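Here is how the chains run, residue by residue.
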Amino acid sequence: MDALRGIIDLLRGLRQQKARTATTLLGLGWGTFSVIVLLAFGTGLEEHMHEQAVAFGESIALVWPSRTTMNFAGLGCGRRVNIEREDVAALAAQIPELGRISPECIAWDQLQVGTKILRATISGVAPAYGALRTWRIEPGGRFLNERDIEDRRRVIVLGNRVRTGLFGRDPVLGRTVILQGLPFTVVGVLSPKRQDSDYSGQDADRICMPVTTHEQVYGDRLVSNFVFRARRADLHPRALRRVYEVLGRRCGFDPDDRQALYVWDRLEDERLRHYAFLGFEIMLAGSGILTMLVGGVGIGNLMFIRVRQRTHEIGIQMALGARPGRILRGVLAETFVLVAMGGLVGFFLSWSVTMVVRLTPAPETIGEPRISPAVTVLTTLLLGSVALLAGYFPARRAARLDPVRALVER
Amino acid sequence: MIHLRDVSKYYDMGPTRVGALRDVSLEVSRAEYAAILGPSGSGKSTLLHVLGCLDRPSAGDYTLDGLQVGSLDIPALAEIRNRKIGFVFQRFHLMPRLTALENVALPMRFAGVRPAERERRAGALLDRVGLGDRRGHRPAELSGGQQQRVAIARALANEPPVILADEPTGNLDSQSGNEIIDLLEQLSAEGRTVLVVTHDETLARRARRIIRLLDGKLVEDSTRESG
């Protein structure tokens, strides 16, 4: 009840400073709006990009054989590095830091179903490839398994666009696709995904088959590339170093010859993206915080005026035994109310803007702006700090008033 | 109750120092009713401010109810004002946006009394000063005499042993003034120490003790026989 009366009293008092109060609250509201909206868009964009990155493969590295640039064991540089499936198996056996690894043999070929013919990327891979490259399979189906590899089964998993191209909307599991004149059974279909990068085409246009079957069909001796993920992110650099050592020994290149392999290090990309976003968010939040601080200065001025208006009343309170701490807290409480009002305006505006943006096609490209709990907590803490800073000095002045002088003030 | 020994109060006005009180020594017992008289600028209000712990003496000792006031910090002085002193001012000094009841309850709020208890006690005090039916009125809706009675009720909120009144009838007509004087006398009769700064001869005549100041010095301290 006392608090409500205090707020009403504050609002009545501020009526004498309508223009100043309105512009100050608007300034603070705008600062809050800037911080929230910018961070909400930043969060949305980062999540969007992260989702796409995960769809391609989280914390993985892709390795292609390249050419040597250093002499090694009497061999000259400029030699082509050749990696066989057994080399990839040796990596799995000899590098304890490795979590998952899969070779990949790639061919481009025609697929046929009845009269329909489609060209696609044909990847021969190990079962680990599904988890490494985030191949989520539509319900009812599956990715490749160890038995498929061992038995060199003629089974395939279709990218979702390949599936639509060959079968339209018809059921597809268990159906036969002709490849190189041989029948292959469809065991799974990729769930649609949005990936931020690709190599040899998007996964939607790719089909996967057991690497052993691929070898049999296309006569591969060498792998096109391999994909791996360390057991833990912190083991990744060591795992990568060991890859050079093991392959260098087996394939005949100097482990220090970084050019012998072409490595697409997604973990490094993720780290860079994280720091880029952090910098981006700090910059966005910084500009919002500056606006908020300007609003805070306005609030501080308003509170100085308010203390001046209420000097006589503060004098009465002191004469009646109000301690300085109580006077200080009273002014601070009023400041918090004012800041909360400005903050609420900003929260409401930013919430409205994110809601409106969600109704547009924009989230397809920039992600869905999201006022995350972290953004809410951060903004609330910022507003609290602004209130504390803006209110402290007027409150201190009020608490230090000389009661005798304050009583005669009119 | 009140012991002043060689109390002085100086104000620095630029390079010069002005003495508002000079070596005032005074003893006031419990339940005394004294009038402090003197022309304008004689130091009456300064003395009242010092006695009321609104101001600290520049020199000398002041003991109130056994407490050395000069050595207390600001929060402790506020505590004394709240618990041991009730103020009645010439201009009433009521909080304009609070009702009579809330004004009376204000010192209790500062003393940490719970809201229900505050309301009960403030209501009883308003009944006592004859304003039980005005508890919801704001100061602007009350006459000067009524406002001063609210101020007296407020001064009694925490049942302080000392009442300090600064020209309590100065802004009132003679009838309202007499009512206030009657109230102050009652308080003294109940055992409270009442010190009144006044120009009002009627009020001064009814006090049992006259303390007179001139140029910051105590020039008369006389007690009249009761009756």
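Residues numbered from 1 in each chain as written. Chains lettered and ligands numbered in written order. Predicted model: local features only at pLDDT ≥ 70, side-chain atom pairs only at ≥ 80, totals over all residues. Heavy atoms only, no water.

**Considering the nonpolar core**
And step 1. Among the nonpolar cores identified, the biggest contains 70 residues, and Ile2, Leu4, Leu51, Tyr62 and Leu64 of chain B are the most heavily contacted of them.
And step 2. Counting residues per element, this core draws most heavily on helix α13 (residues 373-399) of chain A, which supplies nine residues.
And step 3. Filtering out sequence-adjacent residues up to four positions away, Leu51 of chain B remains in contact with Ile2, Leu4, Ile36, Tyr62, Ile85, Leu164 and Leu195 of chain B.
And step 4. Of all hydrophobic cores here, the second largest spans 35 residues; its members include Val104, Ala151, Ala155 and Leu184 of chain B. (Core = buried A, V, L, I, M, F, W, Y, C linked by side-chain atoms within 4.5 Å. Buried < 20%, exposed > 50% of the residue type's maximum accessible area, 1.4 Å probe, protein only. Helix = DSSP H or I, 4+ residues; strand = E, 2+ residues; numbered from the N terminus. Contact = heavy atoms within 4.5 Å.)

**Thoughts on the confidence of the model for chain A**
And step 1. On average, chain A scores 90 in pLDDT, and the residues at 70 or more come to 99%.
And step 2. Predicted confidence in chain A is weakest over helix α1 (residues 2-14) of chain A, with a mean pLDDT of 71, and strongest over strand β4 (residues 155-158) of chain A, with 97. (pLDDT = per-residue confidence, 0-100.)

**Focus: the packing of helix α2 (residues 18-56) of chain A against α13 of chain A**
All names here are of chain A.
And step 1. Orientation of α2 relative to α13, taken along the N-to-C sense of each, is 155°, at an axis distance of 10 Å. Classified by the interaxial angle, the pair formed by α2 and α13 is roughly antiparallel. In this structure, α2 meets α13 at a crossing whose hand is right-handed. The segment α2 lies against α13, with Leu28, Thr32, Val35, Ile36, Leu39 and Thr43 engaging Val375, Leu378, Thr379, Leu382, Leu383 and Val386.
And step 2. A breakdown of the residues in the contact of α2 with α13 according to their chemical character gives nine nonpolar, three polar and no charged. (Axes fitted to C-alpha atoms, helices over the stretch in contact; angles between N-to-C directions. Parallel < 35°, antiparallel > 145°, perpendicular 65-115°, else oblique. Left-handed = near helix turned anticlockwise from the far one by under 90°. Nonpolar A, V, L, I, M, F, W, Y, C, P; charged D, E, K, R; others polar.)

**A word on the sheet that holds strand β7 (residues 162-166) of chain B**
All names here are of chain B.
And step 1. With mixed pairing, the six strands of this open sheet are ordered in space as β6-β7-β8-β3-β9-β10. Two strands in the sheet have a free side with no partner beyond their single neighbour: β6 (85-88) and β10 (217-223). Sheet twist, expressed as the average angle between the axes of neighbouring strands with direction ignored, equals 15°.
And step 2. When strand β3 (residues 33-37) meets strand β9 (residues 209-214), the two strands line up parallel, connected through four bridges. In the strand pairing of β9, Leu37 is matched with Arg212.
And step 3. Docked against the sheet, helix α1 (residues 44-51) engages β3, β6, β7, β8 (193-197) and β9, running at close to 155° with respect to β7.
And step 4. Against the sheet, helix α5 (residues 144-155) engages β6 and β7, with an angle of about 170° to β6. (Pairing = 2+ DSSP bridges.)

**Looking at a nonpolar patch on the surface**
Residues and elements named next belong to chain A.
And step 1. A cluster of nonpolar side chains, Leu290, Leu293, Leu389, Tyr392 and Phe393, forms an exposed patch at the surface whose accessible area comes to about 480 Å².
And step 2. Elements that contribute at least two residues to the nonpolar patch include exactly α9 (266-309) and α13.
And step 3. At three residues, the largest contribution of residues to the nonpolar patch is made by α13.
And step 4. Position of Leu389 among the secondary structure elements: in helix α13.
And step 5. The class of Leu389 is exposed, set by a relative accessible area of 52%. (Patch = residues over 30% accessible without salt bridge, like charges linked within 9 Å, V, L, I, M, F, W, Y side chains within 5 Å. Areas by Shrake-Rupley, 256 points an atom, 1.4 Å probe, with all protein chains shown as cover. Salt bridge = Lys/Arg side-chain N within 4 Å of Asp/Glu carboxyl O.)

**A look at helix α7 (residues 211-218) of chain A**
All names here are of chain A.
And step 1. Listed in full, the buried residues belonging to α7 are Val211, Thr212, Thr213, His214 and Val217.
And step 2. In this structure, the buried residues of α7 make contact with α3 (85-94), β2 (98-113), β3 (116-125), α5 (146-150), β6 (182-189) and β7 (206-210).
And step 3. Two residues or fewer past α7, Gly219 is found with a positive phi of approximately 65°.

**A short note on the side chain of Ser8 of chain B**
Residues and elements named next belong to chain B.
And step 1. Within the fold, Ser8 resides in strand β1 (residues 2-13).
And step 2. Only 2.9 Å separates the side chain of Ser8 from the backbone nitrogen of Asp23, close enough to count as a polar contact.
And step 3. In this structure, Ser8 is in contact with Leu21, Arg22, Asp23, Pro57, Ser58 and Ala59, ignoring residues within four places of it in sequence. (Polar contact = N/O pair within 3.5 Å; in protein donor to acceptor, adjacent residues only side chain to side chain.)

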